[in-house]
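Report on the structure
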Amino acid sequence: MHEVLLVEDDELIREATRLTLEQRGYRVRTAADGVTGLALFREHRPDVAVLDIMLPGLNGVSLAGRIREESGVPVLLISARNDPVDVVMGLEAGADDYVTKPFDGPVLVARIRSLLRRAAPAGPSAQARRLRFGDLVFAPDSLTVERAGKLLALTTTELRLLSEFAASPGTVLSRDLLLERVWDYAWSGDTRVVDVHVQRLRAKIGRERIETVRGFGYKLCP
């Protein structure tokens, strides 16, 4: 049974979301503020964290950043406003995805399932393959990445993104295609998610490694 940390200050939304998740088989721990949420995260180490952006004490963006400093667990933000600034700040802080209020329970559950699938551990064939791109070495089975001999700490989403690029080096991948393959969006989602995560990935593996093809998408330079 996967455990979800839900941090939401609105009691009605918090309880309704908790019931929805528990009905789908998740164990849920809840908090009404960011400070309590961080304490629960450190104590119980949940499988995924669902955080409202507008939280008292420690807001959701700051909480996402604290969690990302300590763990690679998936983080999903809930935003009452589809404000680009809030969304981008949350993603840059380390969140993997976001949904806007009001949201349907099945949509939230689908997003959580997608995050958990992406975070699933590799099988026993780890270390079987190693792909080299200049000073970058990527083992797609074990999902380990080295740059100039040093092991890099990539989040689950960054690893999935790199996997897609590494599978087709030199091929331009559109933002919509990356949304579908990395975030499991079968419909047109917000491409800001892709852009922010590409920037984060570039900062770790080298900006020159991923090229922007204006008007089309991105490609990994072999």
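Residues numbered from 1 in each chain as written. Predicted model: local features only at pLDDT ≥ 70, side-chain atom pairs only at ≥ 80, totals over all residues. Heavy atoms only, no water.

Turning our eyes to something else, we now look at the overall build of the chain. Helix and strand counts for the chain stand at eight helices and 12 strands. A compact globule built from 222 residues would reach a C-alpha radius of gyration of about 17 Å, and the chain, at 18 Å, matches this within 12%. With the C-alpha coordinates of the chain rotated into their principal frame, the extents come out at 50 × 40 × 30 Å. Across the 222 residues of the chain, 47% fall into the buried class. At a minimum sequence separation of 6, the contacts of the chain that also span at least 24 residues come to 57%. For the chain, the accessible surface area stands at approximately 10,400 Å², while carbon and sulfur atoms represent 52% of it. Measuring between centres, the 31 positive side-chain charges of the chain sit 6 Å from its 31 negative side-chain charges. (Helix = DSSP H or I, 4+ residues; strand = E, 2+ residues; numbered from the N terminus. Rg over C-alpha atoms; globule rule 2.2 N^0.38 Å. Buried < 20%, exposed > 50% of the residue type's maximum accessible area, 1.4 Å probe, protein only. Contact = heavy atoms within 4.5 Å. Areas by Shrake-Rupley, 256 points an atom, 1.4 Å probe, with all protein chains shown as cover. Lys, Arg positive; Asp, Glu negative; His and termini not counted. Charge placed at Lys NZ, Arg CZ, Asp CG, Glu CD.)

Moving on: the nonpolar core. Core analysis: the biggest nonpolar cluster contains 46 residues, and Leu51 and Phe165 have the highest contact counts within it. No other element matches the six residues that helix H8 (residues 192-205) contributes to this core. Not counting chain neighbours up to four residues away, the residues in contact with Phe165 comprise Leu173, Leu178, Val198, Leu201, Ile210, Tyr218, Lys219 and Leu220. Of all hydrophobic cores here, the second largest spans 16 residues; its members include Tyr26, Phe103, Val109 and Leu115. (Core = buried A, V, L, I, M, F, W, Y, C linked by side-chain atoms within 4.5 Å.)

With five of five residues buried, strand E3 (residues 48-52) is to be regarded as a mostly interior element. Alternating positions in E3 separate into two faces, Val48, Val50 and Asp52 on one and Ala49 and Leu51 on the other, with burial throughout. In terms of strand pairing, strand E1 (residues 3-7) meets E3 through four bridges, oriented parallel. Along E3, the bridge assignment pairs Leu5 with Ala49. Handedness of the crossover joining E3 and strand E4 (residues 75-79) through helix H3 (residues 60-70) is recorded here as right-handed. (Pairing = 2+ DSSP bridges. Right-handed = clockwise from strand over helix to strand, strands pointing away.)

Glancing now at the sheet that holds strand E5 (residues 97-100). Sheets are built from strands that pair by backbone hydrogen bonding, the pairs being arranged parallel or antiparallel. In space, the five strands of this open sheet follow the order E2-E1-E3-E4-E5, with parallel pairing throughout. Looking along the sheet, the strands with just one partner apiece sit at the ends: strand E2 (27-31) and E5. Neighbour-to-neighbour, the strand axes of the sheet open up by a mean angle of 20°, direction not taken into account. Of the strand pairs in this sheet, E3 and E4 are connected by four bridges, and their pairing is parallel. Across the sheet, residue Val50 finds its bridge partner in E4, namely Leu76. (Axes fitted to C-alpha atoms, helices over the stretch in contact; angles between N-to-C directions.)

Let us now look at the pattern of salt bridges. Inspection of the entire model under this criterion finds 18 salt bridges. Its salt-bridge partner being Arg18, residue Glu22 comes within 2.8 Å of it at the nearest N-O pair. Linking Glu22 with Arg18, this pair stays in helix H1 (residues 11-23), spanning four residues, or about one helical turn. Taken together, the salt bridges that share partners define one network made up of Glu3, Arg27 and Arg29. (Salt bridge = Lys/Arg side-chain N within 4 Å of Asp/Glu carboxyl O.)

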